2 protein chains.
Amino acid sequence: MIVLKLGGSVITEKDERETVDLDSLARLAGVLGQADVDDLVIVHGAGSFGHYYADEHGVSTTDGTRDARAVREIHDSMTRLNKAVLDYLDDAGVPGVPVRPFSAARRDDGLEFYANQVETMLAEGFTPVLHGDVVADAGAGATILSGDEVVTALAAQLDADRVGLCSTVPGVLDDDGDVIPAVDAYDDVAAVLGGSEDTDVTGGMAGKVRELLALDAPASVFGPDDLADFLRGEDAGTTVRG
Amino acid sequence: MIVLKLGGSVITEKDERETVDLDSLARLAGVLGQADVDDLVIVHGAGSFGHYYADEHGVSTTDGTRDARAVREIHDSMTRLNKAVLDYLDDAGVPGVPVRPFSAARRDDGLEFYANQVETMLAEGFTPVLHGDVVADAGAGATILSGDEVVTALAAQLDADRVGLCSTVPGVLDDDGDVIPAVDAYDDVAAVLGGSEDTDVTGGMAGKVRELLALDAPASVFGPDDLADFLRGEDAGTTVRG
């Protein structure tokens, strides 16, 4: 079973509010439609959808809101992006169905994520498509649940064989801009990882690598050009193995 | 804590596809906005939204589909109705947030419903608004999960104090069309309960009464005129106590 994250910056125009990158999404959906993967779970990021509203309302993974209208603005924005992703997957022959993390999780001394429905969807031949979202947070109202958190929760609970993060960059880069083929410990890359430059309430590559190192499954960080390789089980981008 | 069902026939024009009964919904939302209830969970039915698509694709609570497009058509239709309900609640000052059962449940030798997120939403001051939906069903693809099933699952798992079913009829009626004030066993009403006359894949009053009798919490079946009384804790329509 593979958990694949499609980064928000890959499927949206990050600088234009609520704008899908149609060419990129169509291309990725086409690759997914051609792939021969039995059990695939897709998680997509927020890009220019959820982030804008999260910023507007001052909501992050730690700063919450008790304003139901703010919660709905962020969540509904992600519902619109999710629908676009599902429509393109449908065009490409992928039997995607939506799973909304706000309906399936809460934070209360850590993240609690209900994943049994995803397991049954996979067994019945569907491709569950999740996303970064808001989440009810005990003591804080509702906070942001990043797509990366959803990926790690699903990978751990569903005992994923492999995890893929398809981002705009071709992998974890060294100081010369070359892809580092493998990362086995955070110290390997601490010197080269900075923060994300775009608006991103959920952290950049440093956080991603830390979370991937904590997984049992090997994870690959790669760019859109390497998605087909990844789905075939070949090396793609940087392989992170904790 | 109260679990309140707003019947699909109360909030939609049941004979006109995807048509909200705006007057009725606005009126119910207004009553909810004026009510003094600490912890309220709302579940709404499908009416002229989900049912049409369920019928079109031959999907019921027992007959499933493995067609992702059919699943999405039914689910997306309910998402549109849910948005209308939330918008009207918002206008009335009720802090509603959406919870989609398809994301929170599965059938596998019975219904498994994740309700902890609802508990945290309530504790944080939100009013979770759920609905009848599709649900991943082991061995059957996806089947229909009725709003009534969602009500009984939530009432049992969240240990509800009271359950209310607001329907188009003022209660369970006897042969003269008068409201039966109390039902303590199915035999009390077996002679007078027939099937629902409208398109309804999820059963009529007979099924509702059977499910309510199985609950620990007392349940009231009443019409829109009695919603305010019910919310104040007064007798409303028929009280079902198993």
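About the thresholds
Residues numbered from 1 in each chain as written. Chains lettered and ligands numbered in written order. Predicted model: local features only at pLDDT ≥ 70, side-chain atom pairs only at ≥ 80, totals over all residues. Heavy atoms only, no water. UniProt positions renumbered as here; feature names shortened; annotations may be inferred. Helix = DSSP H or I, 4+ residues; strand = E, 2+ residues; numbered from the N terminus. Buried < 20%, exposed > 50% of the residue type's maximum accessible area, 1.4 Å probe, protein only. Patch = residues over 30% accessible without salt bridge, like charges linked within 9 Å, V, L, I, M, F, W, Y side chains within 5 Å. Areas by Shrake-Rupley, 256 points an atom, 1.4 Å probe, with all protein chains shown as cover. Salt bridge = Lys/Arg side-chain N within 4 Å of Asp/Glu carboxyl O. Lys, Arg positive; Asp, Glu negative; His and termini not counted. Charge placed at Lys NZ, Arg CZ, Asp CG, Glu CD. Least-squares fit on C-alpha atoms with pLDDT ≥ 70 in both. Contact = heavy atoms within 4.5 Å.

(A) Representation of the UniProt feature "binding site: ATP" (unreviewed entry) in chain A within the structure. All names here are of chain A. The UniProt feature table records "binding site: ATP" (unreviewed entry) at Lys5, Leu6, Gly7, Gly8, Ser9, Ala46, Gly47, Gly204 and Lys208. Among the secondary structure elements, Ser9 is positioned in helix α1 (residues 8–11). Classification of Ser9 as partly exposed rests on a relative accessible area of 22%. Among the structural elements, Gly204 can be located in the loop between β10 (182–183) and α8 (205–213). Given the relative accessible area of 16%, Gly204 is considered buried.

(B) Focus on a negative patch on the surface. All names here are of chain A. A cluster of like negative charges, contributed by Asp36, Asp38, Asp39, Asp159, Asp161 and Asp216, occupies part of the molecular surface. Tracing the sequence through the fold places Asp38 in the loop between α2 (22–34) and β2 (40–44). Residue Asp38 is classed as exposed on the basis of its relative accessible area, which comes to 76%.

(C) Focus on the relation of the copies chain A and chain B. When chain A is fitted to chain B, the best match, at an RMSD of 0.0 Å, comes from turning it 180 degrees and sliding it 0.0 Å along the axis. Taken together, the rotation and translation relating the two chain copies correspond to the operation of a two-fold axis. Every residue of chain A has its C-alpha some distance from the rotation axis, and the shortest such distance is that of Ala104 of chain A, at 2.5 Å. A high fraction, 100%, of the interface residues of chain A reappear at the interface in chain B, so the copies pair face to face through one surface.

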